[in-house]
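Fold and geometry: a report
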Amino acid sequence: MSVLYVSPHPDAFPSLRALIAARYGEHGEGPGWGGAHPRICLQPPPTSRSPFPPPRLPALEQGPGGLWVWGATAVAQLLWPAGLGGPGGSRAAVLVQQWVSYADTELIPAACGATLPALGLRSSGQDPQAALAALDRALSPLEEWLRLHTYLAGEAPTLADLAAVTALLLPFRYVLDPSARRIWGSEVPAPPKTAAQLKKEAKKREKLEKFQQKQKVQQQQPPPGEQKKPKPEKREKRDPGVITYDLPTPPGEKKDVSGTMPDSYSPQYVEAAWYPWWEQQGFFKPEYGRSSVSAPNPRGIFMMCIPPPNVTGSLHLGHALTNAIQDSLTRWHRMRGETTLWNPGCDHAGIATQVVVEKKLWREQGLSRHQLGREAFLREVWKWKEEKGDRIYHQLKKLGSSLDWNRACFTMDPKLSAAVTEAFVQLHEEGVIYRSTRLVNWSCTLNSAISDIEVDKKELTGRTLLSVPGYKEKVEFGVLVSFAYKVQGSDSDEEVLVATTRIETMLGDVAVAVHPKDPRYQHLKGKSVIHPFVSRSLPIIFDDFVDMEFGTGAVKITPAHDQNDYEVGQRHGLEAISIMDAQGALVNVPPPFLGLPRFEARKAVLAALKERGLFRGTEDNPMVVPLCNRSKDVVEPLLRPQWYVRCGEMAQAASAAVTRGDLRILPEAHQRTWHAWMDNIRDWCISRQLWWGHRIPAYFVTVSDPAVPPGEDPDGRYWVSGRTKAEALEKAAEEFGVSPDKISLQQDEDVLDTWFSSGLFPFSILGWPNQSEDLSVFYPGTLLETGHDILFFWVARMVMLGLKLTGRLPFREVYLHAIVRDAHGRKMSKSLGNVIDPLDVIHGVSLQGLHDQLLNSNLDPSEVEKAKEGQKADFPAGIPECGTDALRFGLCAYTSQGRDINLDVNRILGYRHFCNKLWNATKFALRGLGKDFVPSPTSEPGGRGSLVDRWIRSRLTEAVRLSNQGFQAYDFPAVTTAQYSFWLYELCDVYLECLKPVLSGVDQVAAEHARQTLYTCLDVGLRLLSPFMPFVTEELFQRLPRRTPQAPPSLCVTSYPEPSECSWKDPEAEGAFELALSITRAVRSLRADYNLTRIRPDCFLEVADEATGALASAVSGHVQTLASAGIVAVLALGASAPQGCAVALASDRCSVHLQLQGLVDPARELGKLQAKRSEAQRQAQRLRERRAASGYTVKVPLKVQEADEVKLQQTEAELRKVDEAISLFQKML
């Protein structure tokens, strides 16, 4: 008697798999192997029963002294009842074997990896989070399949279901949460089957028996065990492990590529050592290959300056996108032979840098900048800059950016600082820069004015408590407070109701405004209301800006603390009373409000209004709260004397330059924004109350002469500017008509807005105002490329200042790229956990690594957990290593999505697989070329060549044309698509396959011609890709032999392929080979339909005319290779194809007949098709009834109606296809 030895442990899922199989065998037709039911033994077999003990349980002894079988898969296969695993060779059997293989190779390792840590069996080095993520990935294919199917194969339990269920036993018991357990282990017994269901199952069993009786010809499909096991991902998508370049190569020396190529692509291996060599050789300098930059170059000049990143900054995806686009353009122009300069630089980032150093100073020394003093503090900033300031440069080099680092500039360098001083003095002398007291965005924490771009707008839907720096308790916002002003001199105690979200500012009210046509207030003309806390009356004024429909139609006016109120005050001559100082404490108000912090005063004013009986209520009010993006403080509009740039005339000139076409803005949709901004521009506040930055070269004048009255700060006459203090002194003496010894000067403590120095960047980096070779050659520049979000803050100011100070535009074209968002279209935010560091995409990072970055950030602890959940949802297994080339290529390919880029890291990973494809293709090609291969001196083909050689050269010509055309039009997706398609779909999928029989054949002339063509494809193809993928293309290019000894040393200075070089367009060859590809697609489609995965079926081509027949005969060999077909024969005109062929249309002149006779079971296929037809008919009928229902066209959304129409068309097309197949198989019976 047979004995089944199993483990008694309740968690021994392999033994449980064998036991369940045995139990099914008892109730079925008996074990599949034909023997008797085995006896169960809950212990290992005695050593005396076997010459050697089974290596693992379960084990099956087939009778005394019989064959031993062990292992869950083999034992369960033998014990499972015959017929329930799917008849041999059928699709069901193939599915069973595939799912069993999936359970063994994917589910069991993932399940054990996720469960062992929970049981305390985790070994050091295992990451529990990564293990759970791996389990989630392994479960994903099961979930997708079981959404549409009850069982994994067929209509009843099979070995596939058994293997999957037992593989998941451990995580089901110990790891999966209740929701997942309900999915993978139903806790409710299935309802009893209905009579109709039982009848249907009986019919199916009867039909199955009938089909089995009719089966006469054994399937030529290989047994299920030999089927290729499915993988959740393609083999090439598996992480090949980390391969590194370990050969000793001093920085700047050329990488050693003489060794054997690694088996697979590794970013770490490929990207090593190349950049220092490029930089050392001077490939990125415009002087490379020429005597000087001013030497005439018929190819032209390309100059572009980098948008200078903040010195405090670190790389983010916006930088990565900017540099991927800019570097690809720069490399393309350089390879075209133009004198090319991409000038790097860094911005001093006034506020950001000062905040960083102040925090560092307080953390390390317990000192504020005021305690240290200005000069000592600036020394600390410079010290920090020298230690940390070049971090962003190292990161840009990691991206492969081909910048000329010898020309790198910092906005606080002496050269650029001199340009800033010169620009200020010139503009001040012309009256373009002036002194004025106006409302500014004020950060009370920074004690400085800030620019609009440094203000974040937080939208509130109603009452919200926000944390504000300097306040222990959160502050209430989003509430509208109503209160009353009593009308002065009213006998009836009349009052006017007003409302505000900033009740503390009522202490600075100077008027109440109503609309001139509001009938409710006509009787109050000329009257005033009484302020309850200060000794002044507030006039009631009439102004069109008031909205009669909002609230009571009466508005409090506080000119010193609201922009609209300020403009009303200017129109009506109202006094502007400032009630806050630079720190946000109240001034110019009576006790008890005097000296209170602004938001403490908010509470005090509200309480005082209630006490005086003037409070009328509160209500939620949607509003926008302005926040300083550096300090997170609530921004206050405050009146401060500042320096301004008069922008009106400069804006008109900048707008006119675009209208005339002198300046092109691309995409052209941004031109409307440009004109709108220029037409509505306001004067630009350029003062910042900081210490770090360009100190304003303006001096306040005090004259020691009784004839000259003392001046006040806002009076511009008492301010002079100068390149030096001596020059300013001379100007002051001349202005006031006194001797210099009676003048004392005090330089302004403030510094200039960082955007002022950035606006000079295109010409200050070239030495302006001094003449230089670089300035004469590279100004104006060619292109400015940046994100559309800083079109006004930076681009417009560069254009205005360039025109004003140099008389010329700083560049001829502006290309604005999109903004990067996450895969869900959300703005990237640390609090959402969706911020992606490009270096994490390049190198890869675990989920725990992403979590650690949050802990090291400045997020509030309450936001960290939310961010972790976001990271876990988006990157459950972390971010895989993609490499620089894949990131660059992917970002450029993404730019077709319009204004915003929804970045999916999985797509970037797909381009890493593309790099692997390049690697493998080149490796194969080098083997095919052979060690002794010598490329011809030119790329011109020697002779006519074979059809496939002519075809691939023609396709290469098209890729070259599209690449150059796309670069010229800034259509980066067109370029990446053309190059990706050529390499993947034409070179790898077609040409290399067709080449294999040629290279191994006896025709040496054809083989040599093919080798020369292959070399040309590699040479041109790598040069095409180089601007996007500089590292992998250089690595592969250096392994190719050269056409001439004079060839350039690096791919990045090799000529870019141009249509004039690659003029091999061959419509005849493309037309002929397109027939081969059409036939191949038809054959592959038929093979997939009938699951002919391992068989080479014969193929018969029915043609409409002799010309098509001759063409089909010429390409039949290629079809045989590409379609893995057997015989490929062209039928004589009018001849019929053999019986038992499936038919597909290759073109309107050619039909494909694929021989199925003897390869498939027609009866079985008919059964499957009839079932498929019934289901399709039911689905079509449901859709027709749904669309015919009353009110469908009115009640159902249009998008759903369109989707239903598409579904119905697809279903009807499927029905037609099924009917054709049924007709075919009926003829085969």
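Preceding this paragraph is the structure being described.
Here is a short report on the structure shown in this document. (Residues numbered from 1 in each chain as written. Predicted model: local features only at pLDDT ≥ 70, side-chain atom pairs only at ≥ 80, totals over all residues. Heavy atoms only, no water.)

**Quick notes on helix 39 (residues 1198-1228)**
- In a regular helix each residue adds 1.5 Å, so 31 residues correspond to 45 Å; helix 39 covers 46 Å between its end C-alpha atoms and thus fits that length.
- All buried positions along helix 39 are accounted for by Gln1201, Asp1204, Leu1208, Thr1211, Leu1215, Val1218, Ala1221, Ile1222, Leu1224, Phe1225 and Met1228. (Helix = DSSP H or I, 4+ residues; strand = E, 2+ residues; numbered from the N terminus. Expected span 1.5 Å × (residues − 1). Buried < 20%, exposed > 50% of the residue type's maximum accessible area, 1.4 Å probe, protein only.)

**Digging into the packing of helix 19 (residues 648-660) against helix 20 (residues 670-679)**
- Closest axis-to-axis distance for the helix 19/helix 20 pair is 9 Å, and the angle between their directions is 155 degrees. Taken together, the axes of helix 19 and helix 20 are roughly antiparallel relative to one another. As helix 19 runs across helix 20, the sense of the crossing is left-handed. From helix 19, Ala651, Ala654, Ser655, Val658 and Thr659 reach across to helix 20, where they touch Gln671, Trp674, His675, Met678 and Asp679.
- Looking at side-chain class alone, the contact of helix 19 with helix 20 contains five nonpolar, four polar and one charged residues. (Axes fitted to C-alpha atoms, helices over the stretch in contact; angles between N-to-C directions. Parallel < 35°, antiparallel > 145°, perpendicular 65-115°, else oblique. Left-handed = near helix turned anticlockwise from the far one by under 90°. Contact = heavy atoms within 4.5 Å. Nonpolar A, V, L, I, M, F, W, Y, C, P; charged D, E, K, R; others polar.)

**Quick notes on the side chain of serine 578**
- With respect to the helices and strands, the residue serine 578 is situated in the loop between helix 17 (563-572) and helix 18 (598-611).
- Taking the relative accessible area as the measure of exposure, serine 578 reaches 19% and is therefore buried.
- Discounting residues that sit within four places of it in the chain, serine 578 has contacts with Ala560, His561, Val587, Asn588 and Leu639.

**A short note on the sheet that holds strand 30 (residues 781-787)**
- Pairing in this open sheet of three strands is parallel, and the strands run 23-31-30 from one edge to the other. Both edges of this open sheet fall to strand 23 (664-666) and strand 30, since each of them pairs with a single strand only. Across the sheet, the mean angle separating the axes of adjacent strands is 15 degrees when strand polarity is ignored.
- Bridge count for strand 30 against strand 31 (residues 811-817) is six bridges, and the pairing is parallel. Bridged to threonine 786 within strand 31 is leucine 816.
- Seen against the sheet, helix 25 (residues 791-806) touches strand 30 and strand 31 and runs at an angle of roughly 165 degrees to strand 30. (Pairing = 2+ DSSP bridges.)

**Some points on the pattern of salt bridges**
- Counted under the stated rule, the structure contains 66 salt bridges.
- Between aspartate 327 and arginine 331 there is a salt bridge, with its nearest N and O atoms 2.8 Å apart. Here aspartate 327 and its partner arginine 331 are both found in helix 11 (residues 317-335), four residues apart, which amounts to about one turn of the helix. Take aspartate 327 and arginine 331: they sit in the same class, and that class is buried.
- The salt bridge partner of arginine 598 is glutamate 636, with a shortest N-O separation of 3.0 Å. Pair noted here: arginine 598 is in helix 18 and glutamate 636 is in strand 22 (residues 636-645), with a separation of 38 residues, a long-range link.
- Shared partners join several salt bridges into a network, and the residues in it are Arg955, Glu958, Arg961, Glu986, Lys1065 and Glu1070. (Salt bridge = Lys/Arg side-chain N within 4 Å of Asp/Glu carboxyl O.)

**Focus: the environment of aspartate 246**
- Relative to the helices and strands, aspartate 246 resides in the loop between helix 8 (195-214) and helix 9 (267-271).
- On the accessibility criterion, aspartate 246 (63% relative accessible area) is exposed.
- Within polar-contact distance, the side chain of aspartate 246 engages the side chain of threonine 244 at 3.0 Å. (Polar contact = N/O pair within 3.5 Å; in protein donor to acceptor, adjacent residues only side chain to side chain.)

**Examining the pairing of strand 16 (residues 511-514)**
- What you see with strand 16 is no split at all: Ala511 and Ala513 on one side and Val512 and Val514 on the other are buried throughout.
- Where strand 16 lies against strand 19 (residues 554-557), four bridges are found, and the strand directions are antiparallel. Pairing of alanine 513 across the sheet is with valine 555, part of strand 19.
- Looking at chain direction, strand 16 and strand 18 (residues 537-542) are connected through three bridges and run parallel. Across the sheet, the residue bridging to alanine 513 is isoleucine 541, located in strand 18.

**Side note on helix 25**
- Counting buried positions along helix 25 gives 13 out of 16 residues, so the element sits mostly inside the fold.
- Looking one or two places after helix 25, you find glycine 807, whose phi comes out positive at around 80 degrees.

**Regarding the sheet that holds strand 2 (residues 39-41)**
- In spatial order, the strands read 2-1-3-4; together these four strands make up an open sheet with mixed pairing. Every other strand in the sheet has two partners, leaving strand 2 and strand 4 (68-70) as the edge strands with one partner each. Direction aside, neighbouring strands of the sheet carry axes that sit 20 degrees apart on average.
- Looking at chain direction, strand 3 (residues 59-61) and strand 4 are connected through three bridges and run antiparallel. Note on strand 4: the bridge partner recorded for alanine 59 is tryptophan 70.
- Here helix 2 (residues 72-79) sits on the sheet in contact with strand 1 (3-5), strand 3 and strand 4, set at roughly 120 degrees to strand 4.

**Considerations on the packing of aromatic side chains**
- Going through the model one piece at a time under the given rule, you end up with 45 aromatic pairs.
- Ring geometry for phenylalanine 424 against tryptophan 643: centres 5.7 Å apart, planes inclined by 80 degrees, an arrangement best described as edge-to-face. Here tryptophan 643 lies in strand 22 and phenylalanine 424 lies in helix 16 (residues 414-429), a separation of 219 residues in the sequence. Each of the two residues, phenylalanine 424 as well as tryptophan 643, counts as buried.
- With 5.9 Å between their ring centres and 25 degrees between their planes, tyrosine 434 and tyrosine 644 make a pair best called stacked. A residue pair is termed long-range when its members are at least 10 positions apart, and tyrosine 434 in strand 9 (residues 433-443) and tyrosine 644 in strand 22 qualify at 210 residues. By the burial criterion, tyrosine 434 is buried, and tyrosine 644 matches it.
- Grouping aromatic residues by their ring pairs yields a cluster made of Trp332, Tyr815, Phe889, Tyr911, Phe914, Phe967, Tyr970, Phe972, Tyr980, Tyr985, Phe1028 and Tyr1056.
- Just above the ring of tyrosine 644 sits the side chain of arginine 438; from NZ or CZ to the centre is 5.0 Å.
- Over the ring of tyrosine 434 we find arginine 646, and its NZ or CZ is 4.1 Å from the ring centre. (Phe/Tyr/Trp six-rings, centres within 6.5 Å; stacked < 30°, edge-to-face > 60°. Lys NZ or Arg CZ within 6 Å of the ring centre and 35° of its normal.)

**Section: empty space enclosed by the protein**
- In total, this model carries three cavities of 30 Å³ or more according to the counting rule given.
- Here the largest cavity defines a volume of roughly 50 Å³.
- Here the element with the most residues in the lining of the largest cavity is helix 18; it accounts for three residues.
- Looking at the lining of the largest cavity, its residues break down into three nonpolar, no polar and four charged. (1 Å grid on protein atoms, 1.4 Å probe; cavity = no way out; pocket = protein on both sides within 12 Å on 5 of 7 lines; lining within 4 Å. Points joined across faces, edges and corners; volume = space filled by probe spheres on them.)

**Things to note about the packing of helix 30 (residues 905-929) against helix 32 (residues 972-999)**
- Relative orientation of the contacting elements helix 30 and helix 32 amounts to 30 degrees, with a least axis distance of 11 Å. Taken together, the axes of helix 30 and helix 32 lie roughly parallel to each other. The handedness of the crossing between helix 30 and helix 32 is left-handed. In contact with Tyr911, Phe914, Lys917, Leu918, Ala921, Thr922, Phe924 and Gly928 of helix 30, helix 32 contributes Gln979, Tyr980, Trp983, Leu984, Cys988, Asp989, Leu992, Lys996 and Leu999.

All quantities given are derived from atomic positions and should not be read as evidence of function.
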